[in-house]
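Each chain is listed here by its residues.
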2 protein chains.
Amino acid sequence: MKKNILIGLSGGPSTAINASMAGVIRAASASSRFNTVYGALHGIAGVLSRDIIDLSPYSSEEKLRLLIQTPAMALGSCRKKLTAADWPAIEQVFQDYDIGVFFYIGGNDSMDTVLQLDRYFKENGSGVQVIGVPKTIDNDLPVTDHTPGFGSSAKYLYHTMHEIIRDSEIYPIKNVVVVEIMGRNSGWLTLAAGLEHFMGGVYPQIVAIPEIPFDEFGFLNQVKELLKTEHTVICAVSEGIRNHNGDYVGMETKSGAVDTFGHTYLSGVGKYLELQIAEKIGCKVRSIELNVMQRCSAHLASKTDLDEAVQIGEAAVSAAEAGATGIMMVFERTSNHPYAVRIAQTDVSNVANLAKDVPECWHDLSDQSVRDEIKQYLLPLMQGELEPIRDKTGLPVFLDIRGIHSTRE
Amino acid sequence: MKKNILIGLSGGPSTAINASMAGVIRAASASSRFNTVYGALHGIAGVLSRDIIDLSPYSSEEKLRLLIQTPAMALGSCRKKLTAADWPAIEQVFQDYDIGVFFYIGGNDSMDTVLQLDRYFKENGSGVQVIGVPKTIDNDLPVTDHTPGFGSSAKYLYHTMHEIIRDSEIYPIKNVVVVEIMGRNSGWLTLAAGLEHFMGGVYPQIVAIPEIPFDEFGFLNQVKELLKTEHTVICAVSEGIRNHNGDYVGMETKSGAVDTFGHTYLSGVGKYLELQIAEKIGCKVRSIELNVMQRCSAHLASKTDLDEAVQIGEAAVSAAEAGATGIMMVFERTSNHPYAVRIAQTDVSNVANLAKDVPECWHDLSDQSVRDEIKQYLLPLMQGELEPIRDKTGLPVFLDIRGIHSTRE
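Reading the values: the criteria
Residues numbered from 1 in each chain as written. Chains lettered and ligands numbered in written order. Predicted model: local features only at pLDDT ≥ 70, side-chain atom pairs only at ≥ 80, totals over all residues. Heavy atoms only, no water. Helix = DSSP H or I, 4+ residues; strand = E, 2+ residues; numbered from the N terminus. Rg over C-alpha atoms; globule rule 2.2 N^0.38 Å. Buried < 20%, exposed > 50% of the residue type's maximum accessible area, 1.4 Å probe, protein only. Contact = heavy atoms within 4.5 Å. Areas by Shrake-Rupley, 256 points an atom, 1.4 Å probe, with all protein chains shown as cover. Lys, Arg positive; Asp, Glu negative; His and termini not counted. Charge placed at Lys NZ, Arg CZ, Asp CG, Glu CD. Expected span 1.5 Å × (residues − 1). Axes fitted to C-alpha atoms, helices over the stretch in contact; angles between N-to-C directions. Parallel < 35°, antiparallel > 145°, perpendicular 65-115°, else oblique. Nonpolar A, V, L, I, M, F, W, Y, C, P; charged D, E, K, R; others polar. Pairing = 2+ DSSP bridges. 1 Å grid on protein atoms, 1.4 Å probe; cavity = no way out; pocket = protein on both sides within 12 Å on 5 of 7 lines; lining within 4 Å. Points joined across faces, edges and corners; volume = space filled by probe spheres on them. Right-handed = clockwise from strand over helix to strand, strands pointing away. Salt bridge = Lys/Arg side-chain N within 4 Å of Asp/Glu carboxyl O. Left-handed = near helix turned anticlockwise from the far one by under 90°. Phe/Tyr/Trp six-rings, centres within 6.5 Å; stacked < 30°, edge-to-face > 60°. Lys NZ or Arg CZ within 6 Å of the ring centre and 35° of its normal. Polar contact = N/O pair within 3.5 Å; in protein donor to acceptor, adjacent residues only side chain to side chain.

In this section: the overall build of chain A. Helices and strands together make up the secondary structure of chain A, namely 14 helices and 11 strands. In terms of overall dimensions, chain A is globule-like: its C-alpha atoms have a radius of gyration of 23 Å, near the 22 Å expected for 409 residues. Relative to its 409 residues, chain A shows a buried fraction of 63%. Here the analysis covers contacts within chain A between residues at least 6 apart in sequence; of these, 75% occur between residues at least 24 apart. With an accessible surface of roughly 14200 Å², chain A has 50% of that area assigned to carbon and sulfur atoms. Considering chain A, the positive charge centre built from 36 side chains and the negative charge centre built from 50 side chains are found 3 Å apart.

Okay, here's the thing in structure tokens:
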């Protein structure tokens, strides 16, 4: 008897989540095993509140193509952490909608939801399959070679740093630029921001990731030293760098500082280091926070990333057809020359609540062989340009499943 | 007797300055009137210090194409304000290099340099021609319909806001996003950031430009009111908004606040409004500073802007051949349907040290006819994609005239 399927999205946005969703919709719509493809608004929270919509109107190739080029999360997201009390309610919703497979697209927290639900459904014999599809710009999911969304954000950082470098070195006076990059616990994205230097370019001279304890005094000395011979010093710094005690750098400023009105300031490590450089070195300094642009810049998406995101969504449906449950789909890199991946699966318990740091063997970023390995790892993930469908003003057309954007001409 | 020409770049960077420089190099190299094409490093400061290089190696179509796709300023820039004491020294340099025409590419301050030098050369009969080529992302130069560089920055803002909007509305909780945009004195760029709303889109609901006094209390009330019916409120705010007294909004914070260590904080109006919203409204709020990305993002350049930038550089050489001096080249828009411009010239005294604000007749941004006019003005300037020449890693190749970037593979 044919069952329906349900898709949910969870965690932070990226440019590739909707592409994975498009892959699931495409494969499930083409499958003889499934009836209606449903989507839950705002992830598992929307399952509980029964904010569930029929995605059939979006299964044409035309709509799927628009969905693939749309950044962020077309069904909305949530940050809900599931508890055992939620399980029976979710089961009831799944029964009412006759759901046979639940696809959850998200990061390590979302995979905990997959794990919990799978165990519950197995224990009570409900037969619902639960399948995780990875996503996170942070690239910090274990087992998989990389995560959908990471390649596009890495490409944004590599290309944008290339431009910021040019912008920074036009004046003949000494200056320092601190670029703050996302990644609270892992430095994968910051490595992408540093790639030009690793490949023989002058900039950015300093690359700081959370996995390597940050010595603020040593950093300021390094900047001072560099300024003796160079006009411009550019630093790519992860938002999550920590000192030797494990405390976030500039934490006091970020959480406790007050302005003249007694307001609490919330600034990132980039601004903090800017202030330290201004005070301790006294040169011209600017901090740049790449903010949400590094996760939503669909105009600079990696074609490879989007293609793979679609494929891993399709593969998740194949896995469901084969009866899989309690798994997350993963990429295995089978070759670097030429770059090739195959899609496999892993038990979701290998991923849920776990994180993959930049490996220790890469911590000496001045080592040429490390730099070569980083380059070999990163470059293939960033390749290719998407040719988006545009409206008549030139703007890429984004699909508006939730109907919250009004009609534009 | 054939003379040499000299090019200088001045003021802040944009993605189109090098394209104008390419236009000058191309036309001057092809002209029978001129010998060597020289470039001054760091603008007029480099003239005084005789940091002058021969640009002949960059006159091939291949090199010019790379120069056109390179953001910022290939010769470097300066912010030097000329004084009468500098005039004779500059004249001596021009004599030594046998300069017949000096092309200065810059904004209103740079046009003051053009004005001063032209007057001096006329008075003492040296015969050197001085010609201004406009550039500024701010679009605040009088007489010309628009300035090279503005279209690309406007396009960056229009497209990036489109993506930020998607990124902002994924969670089911109320939130506010404040996007800070460049333009200390004029709101042209912020209008581009607001274009999606002017064209019937929901976001950004609030657009604030320096030309319209900013009522902070009214702004907070408007945000509060909007949050009653909408989950997400997005504000596009110029860095230069001022209150009814003419003071920059959040000036105290920007210039005087100290953190717990006694350090002075330097934050923009976006961060200031974020803090006000957090404190007075108490909802989730994020500020985004688009920083230098809005002026250096060559990957999102407007083809129209770059093409016009080249043309106005070429036209400047034609004007020089015709004997012009003490002028700045300008665009005259001759038609909107289809969009067409012709290139003309104006006496540089009409531009030097003057600014063009967003006109008062556009101050009622809620008026549909105003919105239509803004749209008609802005859209043609943002059209077309550049297909850059890329290196084998996929990165657009930037020309490195000053030789400061090391060889990359």
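The subject of this paragraph is helix α1 (residues 17–30) of chain A. Residue and element names in this part refer to chain A. Taking 1.5 Å of rise per residue, 14 residues should cover 20 Å, and α1 covers 20 Å from first to last C-alpha, within 8% of that figure. Within α1, 11 of the 14 residues are buried, leaving the element largely enclosed by the surrounding structure. Among the residues making up α1, those that are buried are Ile17, Asn18, Ala19, Ser20, Met21, Ala22, Gly23, Val24, Ile25, Ala27 and Ala28. Here the buried face of α1 lies against β1 (3–9), β2 (34–40), α3 (61–68), β4 (99–106), β5 (129–134) and α13 (303–321).

This paragraph deals with the packing of α1 of chain A against α3 of chain A. Residue and element names in this part refer to chain A. Close contact between α1 and α3 brings their axes to 8 Å; oriented N to C, the two are set at 155 degrees. Regarding the angle of α1 to α3, the classification is roughly antiparallel. Residue-level contacts link Asn18, Ala19, Met21, Ala22, Ile25 and Arg26 of α1 to Glu61, Leu64, Leu67 and Ile68 of α3. A per-class count over the contact of α1 with α3 returns seven nonpolar, one polar and two charged.

The next subject is the sheet that holds strand β7 (residues 206–208) of chain B. Residues and elements named next belong to chain B. Reading across the sheet, the four strands line up as β7-β8-β6-β9 and stay open at both edges, with parallel pairing between neighbours. Each of the sheet's edge strands pairs with one partner strand only, and the pair in question is β7 and β9 (284–289). The mean angle between the axes of side-by-side strands here comes to 15 degrees, regardless of whether they run parallel or antiparallel. Alignment of strand β6 (residues 175–181) against β9, held across six bridges, turns out to be parallel. The partner of Val179 across the bridge, within β9, is Ile288.

All names here are of chain B. Within the element layout of this structure, Met182 appears in the loop between β6 and α7 (188–193). When the C-alpha positions of Met182 and Ser60 are compared, they lie 35 Å apart, and in sequence the two are 122 residues distant. Not counting the four nearest positions on each side in its chain, Met182 is found in contact with Ile137, Leu189, Thr190, Glu239, Asn291, Val292, Gln294 and Arg295.

Our next topic: empty space enclosed by the protein. Taken as a whole, this structure holds three cavities of 30 Å³ or more when the rule is applied. In this model, the largest cavity occupies a volume close to 480 Å³. As for the largest cavity, its lining consists of 29 residues, and the residues nearest its centre are His299 of chain A together with His299, Glu385, Leu386 and Arg390 of chain B. Residue assignment for the lining of the largest cavity shows that the elements contributing at least two residues are α6 (150–168) of chain A together with α6 (150–168) of chain B. For the lining of the largest cavity, the element with the highest residue contribution is α6 of chain B, accounting for three residues. Within the lining of the largest cavity, the residues separate by chemical class into 14 nonpolar, six polar and nine charged.

What follows covers the pairing of β1 of chain A. Residue and element names in this part refer to chain A. In terms of burial, β1 is a largely internal element, six of the seven residues being buried. Judged from the four bridges that link them, β1 and β2 form a sheet pairing that is parallel. For Ile7, the partnering residue across the bridge sits in β2 and is Gly39. Note that the unit made of β1, α1 and β2 has a crossover that is right-handed.

Applying the stated rule across the entire model yields 34 salt bridges over all chains. Among the charged side chains, a network of salt bridges with common partners joins Arg26, Glu61 and Glu314 of chain A.

A few words now on the packing of helix α9 (residues 216–229) of chain A against helix α11 (residues 269–280) of chain A. All names here are of chain A. Between α9 and α11, the least distance of the axes is 11 Å, while the angle of their chain directions is 60 degrees. In terms of axis orientation, α9 runs oblique to α11. The handedness of the crossing between α9 and α11 is right-handed. Contact with α9, carried on its side by Glu216, Phe219 and Leu220, involves Tyr272, Leu273, Gln276, Ile277 and Lys280 of α11 and no other residues of that element.

Our focus in this paragraph is the sheet that holds β1 of chain A. All names here are of chain A. Reading across the sheet, the seven strands line up as β3-β2-β1-β4-β5-β10-β11 and stay open at both edges, with mixed pairing between neighbours. Among the strands making up the open sheet, the edge pair consists of β3 (52–54) and β11 (339–347). The average undirected angle you get between the axes of adjacent strands in this sheet is 30 degrees. Relative to the sheet, helix α5 (residues 108–123) contacts β4, β5 and β10 (327–336), its axis offset from that of β5 by approximately 165 degrees. Those strands touched by α13 are β2, β4, β5, β10 and β11, and its axis lies near 130 degrees from that of β10.

Attention now goes to the packing of aromatic side chains. Across all of its chains, the model carries 20 aromatic pairs over all chains by this definition. For the ring pair Tyr120 of chain B and Phe121 of chain B, a centre distance of 6.0 Å and an interplane angle of 55 degrees mean the geometry is tilted. Taken together, Trp87, Phe94, Phe102, Tyr104, Tyr120 and Phe121 of chain A form an aromatic cluster joined through their ring pairs. Sitting above the plane of the Tyr248 of chain A ring, Arg184 of chain A keeps its charged end 4.8 Å from the centroid. Over the ring of Trp188 of chain A we find Lys356 of chain A, and its NZ or CZ is 5.3 Å from the ring centre.

Our next topic: the environment of Asn185 of chain A. Residue and element names in this part refer to chain A. If you trace the backbone, Asn185 turns up in the loop between β6 (175–181) and α7 (188–193). Under the relative-accessibility criterion, Asn185 is labelled partly exposed at 41%. Considered as a pair, Asn185 and Tyr377 are 192 residues apart in the sequence and their alpha carbons are 19 Å apart. Setting aside residues up to four positions removed in sequence, Asn185 forms contacts with Pro210, Glu211, Arg242, Tyr248 and Asp357. At 3.4 Å, the side chain of Asn185 forms a polar contact with the side chain of Arg242.

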